[in-house]
Amino acid sequence: MPPIHALSTEDPQSIFNDIDRDFQLSSQDLVELTKAFLHEISLGLAEYGQPMAIIPTFVTGVPDGTETGTFLALDLGGTNLRVCEVVLNGDKTFSLRQQKYRVSESLKTGEATVLFDRSVADYLADSVDAFLTTHAASAYGDSHDQDVVHLGLTFSFPVEQTALDAGTILTWTKGFSAKNAVGHDVVKLLQDAFDRKHMHVKCVALVNDTVGALLSRAYTAGGCILGAIFGTGTNGAYVEEVAKITKLANSPAAAKGGHMVVNTEWGAFNNCAFEKFISGMYLGEITRNILVSLIDASPKPLLFNGKSTPVLNKHYGLDTSIMSDIEEAWEGPNRSLSGNQPAPEFAKFDATVLPPNISKKLERIRSVVVKQLGFKDSDVTLKDAAIVRWACSLVARRAALLSGVAVATVLIQTGRASFADEEGKFVSRTDTEKIPVGVDGSLIEHYPNFERTLRESLRSLVGEEIEKRVEIGLAKDGSGVGAALCALQALKQKP
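What counts, and where the lines are drawn
- Residues numbered from 1 in each chain as written.
- Predicted model: local features only at pLDDT ≥ 70, side-chain atom pairs only at ≥ 80, totals over all residues.
- Heavy atoms only, no water.
- Helix = DSSP H or I, 4+ residues; strand = E, 2+ residues; numbered from the N terminus.
- Buried < 20%, exposed > 50% of the residue type's maximum accessible area, 1.4 Å probe, protein only.
- Contact = heavy atoms within 4.5 Å.
- Areas by Shrake-Rupley, 256 points an atom, 1.4 Å probe, with all protein chains shown as cover.
- Pairing = 2+ DSSP bridges.
- Axes fitted to C-alpha atoms, helices over the stretch in contact; angles between N-to-C directions.
- Core = buried A, V, L, I, M, F, W, Y, C linked by side-chain atoms within 4.5 Å.
- Parallel < 35°, antiparallel > 145°, perpendicular 65-115°, else oblique.
- Left-handed = near helix turned anticlockwise from the far one by under 90°.
- Nonpolar A, V, L, I, M, F, W, Y, C, P; charged D, E, K, R; others polar.
- Phe/Tyr/Trp six-rings, centres within 6.5 Å; stacked < 30°, edge-to-face > 60°.
- Lys NZ or Arg CZ within 6 Å of the ring centre and 35° of its normal.
- 1 Å grid on protein atoms, 1.4 Å probe; cavity = no way out; pocket = protein on both sides within 12 Å on 5 of 7 lines; lining within 4 Å.
- Points joined across faces, edges and corners; volume = space filled by probe spheres on them.
- Salt bridge = Lys/Arg side-chain N within 4 Å of Asp/Glu carboxyl O.
- Arc of directions from axis to C-beta.
- Polar contact = N/O pair within 3.5 Å; in protein donor to acceptor, adjacent residues only side chain to side chain.

Quick word on the overall build of the protein
Then, number 1: Within the protein, the secondary structure is distributed over 18 helices and 13 strands.
Then, number 2: Buried positions account for 53% of the 495 residues belonging to the protein.
Then, number 3: Sequence-distant contacts in the protein: of pairs separated by 6 or more residues, those separated by 24 or more amount to 73%.
Then, number 4: Counting only carbon and sulfur atoms, one obtains 51% of the accessible surface of the protein, whose full area is about 21,700 Å².

In structure tokens:
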């Protein structure tokens, strides 16, 4: 989008129309993006080092909800370390106990042996030990005949996974810099710490939260083909035929065949533009830039009479949650899908002739803008409120449509759907079974109409018949419950 100050404001409506047009995605746009997505998946399945990594996880099945047992999860992802005990009831339900332990800055920046082996009382192992002693529902003793409890590790850092229970640390992020750990197997480092304390804990699985989301939904739904995160970031993991993962050629996994969960890292699609267009981390900043451009429009401002606030002047000052609040204010208790509509005629906006229900909606938005963006009450008009709501809707709608592209791509890749033919007709299928998809993240869970717009994109790409079979359900706590379920899967896969 060209800078608004470079455009004439003699016809302000044309500027709104131009911005609106830049954010629209036609049905053909969605098809072309899906085809490009499929191409990048094919590259990632064939070779290592591709932009969309398509990482083999060595998870060769998913739970169906009938499994029972008690498993642990250790979730290391940032400031806190979390230990969970998950008891599987065998009826698609489970119980969860958990405890968080803070990771100090000294541990983050220390040597690997400090974090994984020889801190005071071996920090990670000690945290698990403390949990088992004080928080777990089951009794875990020290006797030599005590059954081993199996643990899944969620390790939210770059790892080259070589087996379900092995992965080499590639680098640290999120403020960690334990340099001696790089190049070492994170599972072995952790297991060594458990063994030093003579704990009856065996780390049997290394997992990321997206794979965990798939497994979590599979247990509660009786199966799942895709786990997807639509929140601060985005990613997807799906069940693929091992024969299609040709970069595993000549490996034991390839010889065994069957299916395997792959972690797509689909945020990297289109040089990472995909993640920036649909992740909650970026949507607020995109919206902020639209609003600031309208405020700074020359020779005459088009928003807030040219006034701004520290929130709007700060990079990433407008959080995506504010967009959600604005959409929520517009929707009220009865949500309705706005759909693909042209930009409103802001140049002819007249608050005195608005229908009462629209005035009420805009007044609610005006209150949110005043409170969340830091304006004086007198600085925000109903027209300003309408423009802000339009901008939020533009950005969020595009994000949801693109999210539908990701889901549709997996359906087509796995043979569950296909594009329309040249006449725009979709092949009718005899299969009527539901297609379970597990999702997690603040956008899909809380942003008004996000799922409905995602489904609109799905209908456009794979047809209404398939879209209706897609059963989207929340897969909560992939990093905790999902990791425990990955430990379960590791036992199921043992020869």
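Picking up where we left off.
As for the sheet that holds strand β2 (residues 68–76)
As a general point, the strands of a sheet are linked pairwise by backbone hydrogen bonds and lie either parallel or antiparallel.
Then, number 1: Pairing is mixed across the open sheet formed by 5 strands, whose spatial order is β4-β3-β2-β5-β8. Edge strands, defined here as strands with exactly one partner in the open sheet, are β4 (94–102) and β8 (201–207). Sheet twist, expressed as the mean angle between neighbouring strand axes with direction ignored, is 25°.
Then, number 2: Its contacts with the sheet put helix α6 (residues 186–196) on β2, β5 (149–155) and β8, and the angle it makes with β8 is roughly 160°.

Remarks on the nonpolar core
Then, number 1: Of all hydrophobic cores here, the largest spans 121 residues; its most connected members are Phe230, Trp266 and Leu411.
Then, number 2: Here this core gets 22 residues from one element, more than from any other, and that element is helix α14 (residues 382–413).
Then, number 3: Excluding anything up to four places from it in sequence, leucine 411 contacts Ile225, Arg416, Ala417, Ile435, Leu458, Val462, Ile466 and Val470.
Then, number 4: Core analysis: the next-biggest nonpolar cluster, separate from the first, contains 32 residues, Tyr101, Tyr123, Phe131 and Ala181 among them.

Considerations on the sheet that holds strand β1 (residues 55–56)
Then, number 1: Taken together, 6 strands build an open sheet; the order of strands is β1-β11-β10-β9-β12-β13 and the sheet is mixed. Each of the sheet's edge strands pairs with one partner strand only, and the pair in question is β1 and β13 (470–474).
Then, number 2: For strand β10 (residues 234–241) and strand β11 (residues 259–263), the ladder comprises 5 bridges, and the chain directions are antiparallel. Each residue of the ladder has a partner; that of valine 239, found in β11, is valine 261.
Then, number 3: Taken strand by strand, helix α16 (residues 450–462) contacts β9 (226–230) and β13, and its axis lies near 155° from that of β13.

Overview of the packing of helix α2 (residues 27–46) against α14
Then, number 1: Here α2 crosses α14 at 55°, and the two axes come no closer than 9 Å. As far as their axial angle goes, α14 and α2 are oblique. Judged by the twist between their axes, the crossing of α2 over α14 is right-handed. Facing Leu30, Leu33, Thr34, Phe37, Leu38, Ile41 and Leu45 of α2, the residues of α14 in contact are Leu401, Leu402, Val405, Ala406, Thr409, Ile412 and Gln413.
Then, number 2: For the contact of α2 with α14, the class distribution of residues is 11 nonpolar, 3 polar and no charged.

Considerations on the packing of aromatic side chains
Then, number 1: Tallied over the full model, the rule gives 11 aromatic pairs.
Then, number 2: Between phenylalanine 269 and phenylalanine 274 the ring centres are 5.6 Å apart and the planes differ by 65°, which places this aromatic pair in the edge-to-face class. Both residues of the pair, phenylalanine 269 and phenylalanine 274, belong to the buried class.
Then, number 3: In this arrangement the basic side chain of lysine 247 is found over the ring face of tyrosine 48, its NZ or CZ atom lying 4.6 Å from the centre.
Then, number 4: A cation over an aromatic ring shows up here: arginine 398 above the ring of phenylalanine 277, its NZ or CZ 4.0 Å from the ring centre.

Focus: the packing of helix α13 (residues 356–373) against α14
Then, number 1: Where α13 meets α14, the closest approach of the two axes is 8 Å, and the angle between their N-to-C directions is 85°. In terms of their interaxial angle, α13 and α14 are classed as roughly perpendicular. Packed against α13, whose contacting residues are Leu362, Glu363, Ile365, Arg366 and Val369, the element α14 presents Leu382, Ala385, Ala386, Val388 and Arg389 at the interface.

A word on empty space enclosed by the protein
Then, number 1: One pass over the structure, following the stated rule, counts 2 cavities of 30 Å³ or more.
Then, number 2: Space inside the second largest cavity adds up to approximately 30 Å³.

Some thoughts on the pattern of salt bridges
Then, number 1: Counted according to the given criterion, the structure contains 21 salt bridges.
Then, number 2: Two residues, arginine 21 and aspartate 18, come together in a salt bridge whose shortest N-O distance is 2.8 Å. Taken together, the residues span about one helical turn, with arginine 21 and aspartate 18 both in helix α1 (residues 12–22) at a distance of 3 residues.
Then, number 3: Overall, arginine 21 belongs to the exposed group, its relative accessible area being 54%.
Then, number 4: As a salt-bridge pair, lysine 476 and aspartate 440 come within 3.2 Å of each other at their nearest N and O atoms. On the criterion of sequence distance, the pair formed by lysine 476 in the loop between β13 and α18 (481–493) and aspartate 440 in strand β12 (residues 435–440) is long-range, its members being 36 residues apart.
Then, number 5: Salt bridges sharing partners connect three or more residues here, namely Glu451, Arg455, Arg459 and Glu467.

Considering unusual backbone geometry
Then, number 1: Omega for the bond connecting serine 298 with proline 299 falls within 30 degrees of zero, at 5°, which places this linkage in the cis form.
Then, number 2: As for its position among the elements, proline 299 is in the loop between α10 (280–295) and α11 (310–313).
Then, number 3: Phi angles above zero are rare outside glycine, and isoleucine 54 is one such case at about 45°.
Then, number 4: Inspection of the secondary structure puts isoleucine 54 in the loop between α2 and β1.
Then, number 5: We classify isoleucine 54 as buried; its relative accessible area is 0%.

Some points on α1
Each turn of an α-helix holds 3.6 residues, which means side chains three or four residues apart point in the same direction.
Then, number 1: For α1, the complete set of buried residues consists of Gln13, Ile15, Phe16, Ile19 and Asp20. The arc enclosing the buried residues of α1, seen along the axis, measures out at 160°, which places them on a common side.

Digging into the environment of glycine 167
Then, number 1: With respect to the helices and strands, glycine 167 occurs in strand β7 (residues 166–169).
Then, number 2: Along the chain, glycine 167 and histidine 184 lie 17 residues apart, while their C-alpha atoms are 7.9 Å from each other.
Then, number 3: With near-sequence residues (within four places) excluded, glycine 167 lies in contact with Val159, Glu160, Gln161, Thr162, His184, Asp185, Val186 and Leu206.

Remarks on α6
Then, number 1: Buried within α6 we find Val186, Val187, Leu189, Leu190, Gln191, Ala193 and Phe194.
Then, number 2: Residue aspartate 185 occupies the N-cap position of α6, its side-chain oxygen lying 2.9 Å from the main-chain nitrogen of valine 187.
Then, number 3: Two residues or fewer past α6, histidine 198 is found with a positive phi of approximately 55°.

Taken by themselves, the reported measurements are silent on function.
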